[in-house]
Amino acid sequence: MPPCPVAPDALQGIPRQQTNPARWQGENWNEFVSTLQADNIDVIEDRGTRGIYSTDAGGLAYGMPNGVIIARDAQQISTLLRNAQRYHIPVTVRGGGLTTEGESVAFGGVLLDMTGMSRVLHIDKDTLTVRTEAGIFWHSLAEELRRHNFDYLSAPLNLTSSVGGTLGVGGIDVNSAKLGCSADQALCLQVVTPTGDIIECSDEQNAELFQRVILGYGQFGIITEATLKIRPFTPMRMHYFYYRSLRSAINDLILLDQNGVPDYSGILTMMDKAVTLLIAFDSAEREKTFFEQWHKQLHGYGELGFGIRLASYYALHPWRLNELFFLLRRKHTLFPDLQPAQHMRNGEIIDRTVVFSRAVWKHWGHKNMVIPDLATSVDKFIDAVEKGNAVCKHYFPRYTLYCVGIKLRAEHKAHYELSSIPHDAKDFSYGCEFEPILEENNYSRDYLQSFKNAIYDIGVDMDTSYYRFGGMMKAYIRRALGDEVVEKHLALKRIADPAMILNRNVIF
Amino acid sequence: MRSVDVIIVGASLAAAAAAKRLVDAGLETVILERQELPRHKICSGILSPRGYRFLIENFGPLPKKALHDPTWCRGVTFHFPCLIPMPMDFFGGTTPHLHRKYSDYWAIKRSAAEVMDKTSLVGLDDQGTRVVVTARQQSGETIKMAARYVIGADGPSSAVRKAIYPEYTKQIPWFFVGQKFHEIIDCPLDEEYFHFWFHPELGHYTWSHARDGRQIVGVGFKQGDNFNQRHLHVTAYLEEKHGVKLKPADPDHEGCAENFGPSLINKYIFGKDNVLLTGQSTGFLNMIGEGMSCALHSGAIAGESIVESICRNQPVQTVYRQMISSEVRRTTDQWNPLMIAFGRPHEADFPKALMALSRQDRIKVLKDIWRFLLLYKEFRWGRQLAYSSLQRILRGKYLSQRWL
């Protein structure tokens, strides 16, 4: 034990810590603003505008920037960062603001709003790529691509996240078990480094920078443009199977994913005894193959079979009837939104981006987006989900679990170094989000944070990983990744960002 | 008349936590403090691990000046008339020994709220859409300010609470706690622990620990008794039974009124309309009298509630009472015998320490605890405690209808 375990220079690791740091005190702010204004960069300082950015989707961390800058182009961002280095001004970058631990909240300094850079620059039909500004939301990109009958490969279900923000953290879709995470779709990037250099990078050109920026939590540069893979648009044929147990649903999901059967797959629970396996296909042929070769191997029921089993369970457990009413209410409201008539044609979903994004906001959206997750290797997944399920039960009366596979790419191993991809995962990683249904209830921030940290703690205790929505959390990163990895990246960060101004407190 | 978003009365840890939440969300916040800052505060200064975590999370590492020596505490040791000691380490590791004069001032400054010290509250007038606060500065000047909300974070003898519920003070039993400081001749009590006595003859609340080279001997009793006599009785007991040899008490003794009951029987007082009470003014107090972690958390929740109330256009009392329920549950669980037996509500493991004793010793300790509890019989809390405990089991929560 150090001579004084609570002195500032001997701070011990404590089991949890919210990223809610003390406010930056404003040194050199006026000189900094004057310099930027001389370069024709508009710094918005009125309280109303700054207040728009006071929290993120998590709604647990609040902070006011001293000023807001709307991103216009790489040159403007370069000037901003050069001066921020010179005057030691913290810069926090925000796309859709969908972080949940305050990573896109500025506790003073500059808030750089990337949504000002949201144009699609070029679609290349021959190489199947798109070049886009990085502040664009995924739904806007999807809309632009659809005009040319293309689609992106994978994007977060919540489509008001920005392309740049997603590439920095991961991005998981229902087709990630087949195509990998969203960050895997990036071919090359234009990045403004923390010292203001504008650099084009990819696995071939400035590879070190590319590897640090992809899944790098915004520590090594601001992504201003990205070239992404695209594919021809296809409608989606969706099927549901129902389970009474998480374990058998997860086993079936893994079986299908590892054999490459569905194009889209995931598990969504209404309760831990009402589990839905969703699988979908891009083509009638693949759908047919599934029904001919794989359907009978599944342990799930159809809607009628499951309904009968559920009814018999509650007939024998009448004191739990309120659960049944909840399930019926949930089914009545949720399922039509997953197959809305205006987005269906011949039984196929033709606008999956809209359907999923709307459903996510409508049924899981809340003023506090509370969606901690665990990411594990295939072997540890069931155990992790069951432990997380027990934590949910302890904290909330109703919650949803969402499980999905992520295909890992051996050639992208260098990208994953600082990411939440578990170190022991091979070929596939599996993720589970734990989403309390908060409805109209008000919970204190500490209560919600305690719940989230209890989930993250499972990840650390099981030597696996957690949390994809913005980072690994400063207080957890050493426990999660170990000192060696953290020291390596911290040393790189100190070289790349000498004044440590870019996205402070996110992981360093 | 100046108009701000929120006025917080008191410059305590609860005030700092509330101010942090409000300033972070961009609300103009002014703190009124009766004394000149940094101000002295009577307190053991032994913060619970949960409170320590809150400080680090929200204000950063503690400066050296905010700590007494020994700078940290490993846990709590319970003592009984049977003289069987029960040392228990905190689950969360060592915790700081706060120098409240400087730790509170440091947290207040880190919150970045505007502070008006040497300014006492004179009166409140809640006009529905705003609260007009009248205060008097030490210079004699009277000022008036308007705020959308007022938070009372001014301790057990809260002036804000008195302004909105003038009769409340007469409705609950009051205790006096006082501590004296002694030069040490010989003290076998382990200085890494906070020591507490379950001894009916010593008083309702008896403690001792080391601070800055001296030993604190503290006593708590029903208001009206004699502090000096009580204190002499305890020092004589410590010398006789524990071999604690101390010089006579130094002149810098201190004491204050305490409200032990509300947490125990779930009878909190959270304010009225646009005036919120928080910290110890509501009655929040952990078992063995640690109030700082409750103050930090409830203060933060008061601040959060105002932010939520403004963002969602909901009445602040409704939001506050929903959001504070988790803190009520956590605090009152600490006094709930069923939770103590089965739920591990404390930050040190009492049942485990108890089970580690031999069967004979365990019986002796339990008998001593029972005799100690009888000391509180006159307050008639037993039935209310049983009712609250039952509600907790049946409904999973404590009833908000009992709150003022």
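Residues numbered from 1 in each chain as written. Chains lettered and ligands numbered in written order. Predicted model: local features only at pLDDT ≥ 70, side-chain atom pairs only at ≥ 80, totals over all residues.

Overview of the overall build of chain A
- Check the secondary structure of chain A and you find 16 helices and 18 strands.
- Against the globule reference of 23 Å for 508 residues, chain A gives a C-alpha radius of gyration of 23 Å, in line with a compact fold.
- Referenced to the eigenvectors of the C-alpha coordinate spread, the extents of chain A come out at roughly 70 × 60 × 45 Å.
- Within chain A, the proportion of its 508 residues that are buried is 50%.
- Considering only intrachain contacts with a sequence separation of at least 6, the fraction spanning at least 24 residues in chain A is 72%. (Helix = DSSP H or I, 4+ residues; strand = E, 2+ residues; numbered from the N terminus. Rg over C-alpha atoms; globule rule 2.2 N^0.38 Å. Buried ≥ 20, exposed ≤ 12 C-beta atoms within 10 Å, placed from the backbone. Contact = placed C-beta atoms within 7 Å.)

Here we look at the packing of helix α8 (residues 246–258) of chain A against helix α13 (residues 378–395) of chain A
All names here are of chain A.
- Running from N to C, α8 and α13 point in directions that differ by 150°, and their axes come no closer than 11 Å. With respect to their mutual orientation, α8 and α13 come out roughly antiparallel. Note that α8 runs across α13; the crossing there is right-handed. Counted together, Leu246, Arg247, Ile250 and Ile254 of α8 and Val378, Phe381, Ile382, Val385, Glu386 and Asn389 of α13 form the full contact between these two elements.
- For the contact of α8 with α13, the per-class residue count stands at seven nonpolar, one polar and two charged. (Axes fitted to C-alpha atoms, helices over the stretch in contact; angles between N-to-C directions. Parallel < 35°, antiparallel > 145°, perpendicular 65-115°, else oblique. Left-handed = near helix turned anticlockwise from the far one by under 90°. Nonpolar A, V, L, I, M, F, W, Y, C, P; charged D, E, K, R; others polar.)

Some details on the nonpolar core
- With 241 residues, the main nonpolar core has Ala18 and Val150 of chain B as its most contacted residues.
- Apart from residues no more than four positions distant in its own chain, Val150 of chain B is found in contact with Ile7, Val9, Leu124, Val131, Val133, Val160, Asn274 and Val275 of chain B. (Core = buried A, V, L, I, M, F, W, Y, C linked by C-beta atoms within 7 Å.)

Focus: the domain arrangement of chain A
All names here are of chain A.
- The domain boundaries assigned to chain A delineate domain 1 (13–115 + 491–496), domain 2 (120–232) and domain 3 (237–477).
- Facing 23 residues of domain 2, the contacting portion of domain 3 comprises 29 residues.
- Mapped onto the side of domain 2 that touches domain 3, the elements with two or more residues apiece are α4 (138–146) and α6 (176–179).
- For the side of domain 2 that touches domain 3, the leading source of residues is α6, giving four residues. (Domains from an automatic or database assignment.)

Observations regarding the interface of chain B and chain A
- Counting from both sides, the interface comprises 36 residues of chain B and, opposite them, 30 residues of chain A.
- Mapped by element, the contributors of at least two residues to the side of chain B that touches chain A are α1 (13–24), α2 (49–59), β3 (67–73), β6 (95–98), α8 (292–312), α9 (316–323) and α10 (325–333) of chain B.
- Looking at the side of chain B that touches chain A, the element that brings in the most residues is α8 of chain B, giving six residues.
- Its residues assigned to classes, the side of chain B that touches chain A shows 16 nonpolar, 11 polar and nine charged.

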